[in-house]
Amino acid sequence: MMLYAINGEDVPDSLEKRKVARSAHLERIDALQKEGRLVLAGPYPAIDSPDPGPAGFSGSLIVAEFESLEAARSWAEADPYVASGAYAKVTVKPFKKTLPP
């Protein structure tokens, strides 16, 4: 198992598309957490605020363990935010956690 960073970049004005798919998106992340594979996950606010309101989000970051790069890519491509059209692009890269130990 290795860590992978999954970076989803939103389409402009993605908030409504996110709302439609949010519960299904979070269920998948919760499953990773229950399996002990999730390091962190969260969205990028579109403005400099912890609650961006109608400005919404510009994307998301998930760092989690997968068997391989291929497995991480397959998981990311099946994300409900991809299906809803909230994500314009998803990038998956191997990740090495150095700090904190």
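Residues numbered from 1 in each chain as written. Predicted model: local features only at pLDDT ≥ 70, side-chain atom pairs only at ≥ 80, totals over all residues. Heavy atoms only, no water.

Draft legend 1. Spotlight on empty space enclosed by the protein. Across all of its chains, the model carries one cavity of 30 Å³ or more by this definition. As a volume, the largest cavity reaches approximately 40 Å³. Lining of the largest cavity is provided by Ile 6, Asn 7, Gly 8, Ser 60, Ile 62, Trp 75, Ala 76, Asp 79 and Tyr 87. At the level of secondary structure, the elements contributing two or more residues to the lining of the largest cavity comprise strand S1 (2-10), strand S3 (57-66) and helix H2 (69-77). With three residues, the top contributor of residues to the lining of the largest cavity is S1. Of the residues assigned to the lining of the largest cavity, the class counts are five nonpolar, three polar and one charged. (1 Å grid on protein atoms, 1.4 Å probe; cavity = no way out; pocket = protein on both sides within 12 Å on 5 of 7 lines; lining within 4 Å. Points joined across faces, edges and corners; volume = space filled by probe spheres on them. Helix = DSSP H or I, 4+ residues; strand = E, 2+ residues; numbered from the N terminus. Nonpolar A, V, L, I, M, F, W, Y, C, P; charged D, E, K, R; others polar.)

Draft legend 2. View of the packing of aromatic side chains. A complete count under the given rule lists three aromatic pairs for this structure. Clustering of aromatic rings is evident, with ring pairs tying together Tyr 4, Phe 66 and Trp 75. The lysine or arginine in question, Arg 37, covers the ring of Phe 66, its NZ or CZ lying 4.9 Å from the ring centre. (Phe/Tyr/Trp six-rings, centres within 6.5 Å; stacked < 30°, edge-to-face > 60°. Lys NZ or Arg CZ within 6 Å of the ring centre and 35° of its normal.)

Draft legend 3. Examining the sheet that holds S3 more closely. The four strands lie next to each other as S2-S3-S1-S4, forming an open sheet whose pairing is antiparallel. Here the strands that pair on one side only, and so sit at the sheet edges, are strand S2 (38-45) and strand S4 (87-95). Averaged over all neighbouring strand pairs, the angle between strand axes comes to 15 degrees, with direction disregarded. Contacting S1, S3 and S4, H2 runs over the sheet at an angle of about 155 degrees to S4. (Pairing = 2+ DSSP bridges. Axes fitted to C-alpha atoms, helices over the stretch in contact; angles between N-to-C directions. Contact = heavy atoms within 4.5 Å.)

Draft legend 4. Quick peek at the pattern of salt bridges. Scanning all chains against the criterion turns up four salt bridges. Here Asp 10 and Arg 18 are joined by a salt bridge, their closest N and O atoms 2.6 Å apart. Judged by relative accessible area, Asp 10 falls into the buried class, the value being 12%. On the accessibility criterion, Arg 18 (6% relative accessible area) is buried. For Lys 19, the salt bridge identified is with Glu 16, shortest N-O distance 3.5 Å. With a gap of three residues between them, Lys 19 and Glu 16 both fall in helix H1 (residues 15-34), about one helical turn apart. Judged by its relative accessible area of 52%, Lys 19 is exposed. Judged by its relative accessible area of 52%, Glu 16 falls in the exposed class. (Salt bridge = Lys/Arg side-chain N within 4 Å of Asp/Glu carboxyl O. Buried < 20%, exposed > 50% of the residue type's maximum accessible area, 1.4 Å probe, protein only.)

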